[in-house]
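Descriptive structure summary
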Amino acid sequence: MEGQKKTKFINSIAAKISMMTLAVVVLSVLVTILSAITASRKTVSAAYADYVMDLAAISAETVDLLPAERGYTEYNSVLSYVSMRNVDSSYVCVISPDCVLLYHPDESMVGTTTDIPAVTETAAEIRAGRTPEDKVVTYEYNGTTKYAGMAITNKGNIVVVTADEDEILEPVNKMMMEMIYASIIVLLVCVVIGYVVS
């Protein structure tokens, strides 16, 4: 008898309406989550792009104040503190127009050359006698997407402040997972209530 009632409900118009309503709600929730995440990613990306650019510009101004004879110790005394708050992957480096690292938090990198396209293109402009505008770029390095603010010093060196995109967008990804979990719980509660009421 109970099996027949369930079968009747499954085949009933009420069940079909319930299923259609559930499908519409699920679709609406998915569209809302995707819209919120897309907008959040754009907003966070824009905010961090401004942040990384400001850090690069301030660092370039600071480097300009260093004495003409400067080495790792002088750079490190003013740049070792430069990083994006709560972004462990962020750091600053100074690169010559010949793409040689003049400063890097890892002292063993100093004196090596970089082949990051955004840096090499900027360095080529400087060598050609042009002064490129400060800018924010994204690039791939060892399989990781990086944000970088690039500013030019008065002596034509390139100051780069960089950070991993994954770490920058981590709060957005966390928010997305929380929204998905909350939506699943609400949908399950609605399904149970709909079943009990019908």
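Residue numbers run consecutively from 1 along every chain, following the written order of its sequence. Under the rules for a predicted model, residues below a pLDDT of 70 receive no local features and side-chain atom pairs below 80 are neither given nor counted, while totals for whole chains, interfaces and linings still include all residues. Values shown for side chains rest on all heavy atoms present in the structure; no hydrogens or waters enter the calculation.

1. Describing unusual backbone geometry
The cut-off we apply is this: Where helices and strands are cited, they refer to DSSP runs of H or I of at least four residues and of E of at least two residues respectively, numbered from the N terminus. When a residue's accessible area, from a 1.4 Å probe over protein chains only, is under 20% of the maximum for its type it is buried; when over 50% it is exposed; and in between it is partly exposed.
Of note in the backbone geometry, Cys99 takes a positive phi value of approximately 70 degrees without being a glycine. Summarising the element assignment, Cys99 is placed in the loop between strand S1 (91–95) and strand S2 (101–103). Cys99 sits in the buried class, given a relative accessible area of 8%. Phi is positive for Asn142, close to 55 degrees, though the residue is something other than glycine.

2. Digging into a nonpolar patch on the surface
We count it as follows: Residues forming no salt bridge and having over 30% relative accessible area are the ones grouped into patches, like charges within 9 Å of each other and nonpolar side chains (Val, Leu, Ile, Met, Phe, Trp, Tyr) within 5 Å. Values of accessible area rely on a 1.4 Å probe in the Shrake-Rupley scheme; residue burial ignores everything except the protein chains shown. The term salt bridge refers to a side-chain nitrogen of Lys or Arg lying within 4 Å of a carboxyl oxygen of Asp or Glu.
Together, Met177, Tyr181, Ile184 and Leu188 make up a nonpolar patch on the protein surface, roughly 400 Å² of accessible area in all. With respect to the secondary-structure elements, Leu188 resides in helix H6 (residues 170–197).

3. With respect to the packing of aromatic side chains
Our working rule: When two rings of Phe, Tyr or Trp (its six-membered ring) have centres within 6.5 Å they constitute a pair, described as stacked for plane angles under 30 degrees, edge-to-face for angles over 60, and tilted for the intermediate range.
Taken as a whole and assessed by the stated rule, the structure comprises three aromatic pairs. Considering the side-chain rings of Tyr48 and Tyr51, the 6.0 Å spacing of their centres and the 40 degrees angle between planes classify their relative orientation as tilted. With a gap of three residues between them, Tyr48 and Tyr51 both fall in helix H2 (residues 13–64), about one helical turn apart. An aromatic cluster is present here, built from Tyr72, Tyr75 and Tyr103 joined pairwise through their rings.

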